[in-house]
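Close look at the chain arrangement
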Amino acid sequence: MPFNALIVSSDSFPVRADERRRLGIPARRTDGAVRAVRLEGVPPKTARALVEIMGGAGGCAQAAGMRRGGRAVVILQGDGVHYHAFLEKASRRESTRAAALEMRDVLMRASTWPRVLALARGRLPLGQRTLIMGILNVTPDSFSDGGQYLDPSRAVDRALQMARQGADLIDIGGESTRPGSKPVSLKEELRRVMPVLEAVVEAVRALPDRRPFLSVDTRKAEVVRRAAAAGADLINDTSGLTHDPAMAAAVAESGLPLVLQHIRGTPGTMQKHPRYTHLMPEIAAFLRVQMEKAVRAGVREDKIVIDPGIGFGKRRRDNLAILRNLEVLVSFLKEGHPLPPADRLEASLAAEALAIAGGADIIRVHDVREAVRVASLCDAVLRNHD
């Protein structure tokens, strides 16, 4: 998007449909939340017009950066009524039309829920409750469970255990992406992943009820093709389509949904002095570019899930900032933690709770049973579950 429109704050959570009716909120209007929207790279003339129109609509706005003669950053703030009046007027002006349409798209996406993700074997509703994705690493060197599930029979046992504990998805990965890790060959990744995936697919199909969906964590197009043929439901690319030029086309051909993750650098380099000027806008800009790449290749936009990539090219302060400003989280804190992996349960559960409070739909975890319990309590409070 030209202006990288981003909701940077909101003072309330979405209101459930029955409560909207009880409160008298019109069905197709906002819930009254005050939202701040940030635009960047705005020409000075357009920036001044946006500030004027928002002020006239009863909201408030300010522009920064015009003194240096460059493009401005504009922050607009208001509730649903303010934005409705603002967008109506700004979309009619030629100088502000593009910015208004981009803002309208962002605001509508934020208020359109629940959403549904179409998987290979069914549909997965998002926004109704937090979904748990259990991690099943079939690698010798992953930071938490490396080497434990290389044998397909042990991997199946672990997958069934996670299913019993309440996992909605199981993410199978054959290449470690921990900081400093080295890539593995296509042949080696297929050797690790395919026997386990095929065994888990068969085991899951035999379950009498509540069958978890199966995700494959890979950066390689050929693994996508083989995994789709073997029965995978979802592809999780931690490189955000930056590793393999054929990846987007392979996902489109498979018809599977795609998790697009933000990363700076590669697993081998990502923790070597990562720096950001504006963290969340930079993450959003990267994900938008990669999302557009996927859509151009043929991936349906409603089949894309966004992951901000906690721990992937981030400092501890960046990880914490993401948790404070989160919409989707499928990872958890690693960098900067003084404890060994086996002793990080409390920190990861705290991060999970913060992520759910920030609006995450899917949580990717090692400890499924504990995560399900945390998510259940958070959903009861935040999503009005009785």
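Quick caveat: nothing in here was measured; it's all calculated off a predicted structure.

Conventions and cut-offs
Residues numbered from 1 in each chain as written. Predicted model: local features only at pLDDT ≥ 70, side-chain atom pairs only at ≥ 80, totals over all residues. Heavy atoms only, no water. Core = buried A, V, L, I, M, F, W, Y, C linked by side-chain atoms within 4.5 Å. Buried < 20%, exposed > 50% of the residue type's maximum accessible area, 1.4 Å probe, protein only. Helix = DSSP H or I, 4+ residues; strand = E, 2+ residues; numbered from the N terminus. Contact = heavy atoms within 4.5 Å. Salt bridge = Lys/Arg side-chain N within 4 Å of Asp/Glu carboxyl O. Polar contact = N/O pair within 3.5 Å; in protein donor to acceptor, adjacent residues only side chain to side chain. Expected span 1.5 Å × (residues − 1). Arc of directions from axis to C-beta. Pairing = 2+ DSSP bridges.

**Quick word on the nonpolar core**
Judged by nonpolar contacts, the single largest core of 62 residues is most densely connected at Leu136, Ile170, Ile172, Leu197, Val200, Val216 and Ile235. Broken down by element, this core gets its largest block of residues, 9 residues, from helix 6 (residues 186–205). Not counting residues within four places of it along the chain, the set of residues in contact with Val216 comprises Asp171, Ile172, Val193, Leu197, Val223, Ala227, Ala232, Leu234, Ile235 and Asn236.

**What about the pattern of salt bridges?**
Using the criterion set out here, one finds 17 salt bridges in the structure. Across the salt bridge formed by Glu188 and Arg191, the nearest N and O atoms sit 2.7 Å from each other. Placement of the pair is Glu188 and Arg191 together in helix 6, with a separation of 3 residues, close to one helical turn. Its relative accessible area of 22% is what places Glu188 among the partly exposed residues.

**Observations concerning the side chain of Lys303**
Locating Lys303 in the fold gives a position in the loop between helix 9 (279–297) and strand 12 (304–307). Only 2.6 Å separates the side chain of Lys303 from the backbone oxygen of Gly255, close enough to count as a polar contact.

**Points about helix 2 (residues 44–56)**
For helix 2, with 13 residues, the first-to-last C-alpha span of 18 Å sits near the 18 Å given by 1.5 Å per residue. Inspection of helix 2 places Thr46, Ala47, Ala49, Leu50, Ile53 and Met54 among the buried residues, and these make up the whole buried set. Within helix 2, the buried residues cover an arc of 165° as seen down the axis, which keeps them to one side. Pointing more than 90 degrees away from the buried face of helix 2 are the exposed residues Lys45 and Gly56. Two residues or fewer past helix 2, Gly58 is found with a positive phi of approximately 100°.

**Regarding the environment of Glu175**
As for its position among the elements, Glu175 is in the loop between strand 8 (169–173) and helix 6. On a C-alpha basis, the gap between Glu175 and Val193 in space is 8.9 Å, while along the polypeptide they are 18 residues apart. With residues up to four places along the chain from it excluded, the contact list for Glu175 reads Thr139, Pro183, Val184, Glu189, Arg192, Arg219 and Lys220. For Glu175, the side chain forms a polar contact with the main-chain nitrogen of Val184, separated by 2.9 Å.

**Section: the pairing of strand 5 (residues 115–119)**
One ladder, built from 5 bridges, connects strand 5 with strand 6 (residues 122–126); its direction is antiparallel. The residue bridging Val116 from the neighbouring strand is Pro125, located in strand 6. Connecting strand 5 to the next strand, strand 6, in antiparallel fashion are 2 residues.

**Regarding helix 5 (residues 152–165)**
Its 14 residues place the ends of helix 5 20 Å apart at the C-alpha level, agreeing with the 20 Å of an ideal helix rising 1.5 Å per residue. Within helix 5, the full set of buried residues consists of Ala155, Val156, Arg158, Ala159, Met162 and Ala163. Projected down its long axis, helix 5 carries its buried residues within an arc of 165°, all on one side. Of the residues in helix 5, the exposed ones pointing more than 90 degrees away from the buried face are Asp157 and Arg164. Of the surrounding elements, those touching the buried residues of helix 5 are strand 7 (131–137), strand 8, helix 6 and helix 12 (368–382). Of the residues trailing helix 5, Gly166 is marked for its positive phi of about 115°.

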